[in-house]
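Fold and contact review
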Amino acid sequence: MSGIKETIRSISRSIWGPISGAELRQCGLLAGVFFSFVVCLWVLRIIKDIIFDNLVGLSHLPNAKMLSSVTSLPIVILYSKLVDSVPERRYVLYAVFGVFSVAFFVLAGVLAHPAL
């Protein structure tokens, strides 16, 4: 087992330089979270187009993408100003997560309606 551990340490040292065990664990955890995030986005990209097609049709997709692009910049600016103005930044993250969670469940309830 120590041979595997030493191999991992030598590889990590050659890539990142001297790094402590705690930093290596933190990097591994963050890499795992990033991997999960990318996988979720990949799956959602496929589902998003199918749901959009069933609800309004693919003919409206260019307009929806343009509207999404135009509204993203003001939302990012608003979020940046909010993060800068709040002393405890984690509360902003909690609030944004809460809003997205509520919106997700409301949208899931609407999409689950039998009339759709």
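Read on for a plain summary of the structure. This is a predicted model, so every value here is computed, not measured. (Residues numbered from 1 in each chain as written. Predicted model: local features only at pLDDT ≥ 70, side-chain atom pairs only at ≥ 80, totals over all residues. Heavy atoms only, no water.)

**Describing the overall build of the chain**
- Broken down by element type, the chain carries four helices and zero strands.
- Mapped in sequence order, the helices and strands of the chain form the string α-α-α-α.
- Here the C-alpha atoms of the chain give a radius of gyration of 21 Å, more than 25% beyond the 13 Å that 2.2 N^0.38 yields for 116 residues.
- For the chain, the spread of C-alpha atoms along the three principal axes comes to 60 × 35 × 25 Å. (Helix = DSSP H or I, 4+ residues; strand = E, 2+ residues; numbered from the N terminus. Rg over C-alpha atoms; globule rule 2.2 N^0.38 Å.)

**Looking at the packing of aromatic side chains**
- Within the structure shown, the criterion is met by two aromatic pairs.
- With centroids separated by 6.1 Å and ring planes inclined at 70°, the aromatic side chains of Tyr 91 and Tyr 94 adopt a geometry described as edge-to-face. Residue Tyr 91 and its partner Tyr 94 are both found in helix H4 (residues 89–111); the two are separated by three residues, about one turn of the helix.
- A residue is classified by how much of its surface remains accessible, and Tyr 91, at 44% relative accessible area, is partly exposed.
- Plain terms: the ring middles of Phe 104 and Phe 105 are 5.3 Å apart, the flat faces sit at 75° to each other, and that makes the pair edge-to-face. (Phe/Tyr/Trp six-rings, centres within 6.5 Å; stacked < 30°, edge-to-face > 60°. Buried < 20%, exposed > 50% of the residue type's maximum accessible area, 1.4 Å probe, protein only.)

**Remarks on the pattern of salt bridges**
- What the rule picks out here adds up to two salt bridges.
- We note a salt bridge from Asp 49 to Lys 48, for which the minimum N-O separation is 3.3 Å.
- The class of Asp 49 is partly exposed, set by a relative accessible area of 30%.
- Under the relative-accessibility criterion, Lys 48 is labelled partly exposed at 42%.
- In this structure, Arg 90 and Glu 88 form a salt bridge, with 3.5 Å as the shortest nitrogen-oxygen distance.
- Take Arg 90: its relative accessible area is 44%, and that puts it in the partly exposed class.
- The exposure class assigned to Glu 88 is partly exposed, which follows from its relative accessible area of 38%. (Salt bridge = Lys/Arg side-chain N within 4 Å of Asp/Glu carboxyl O.)

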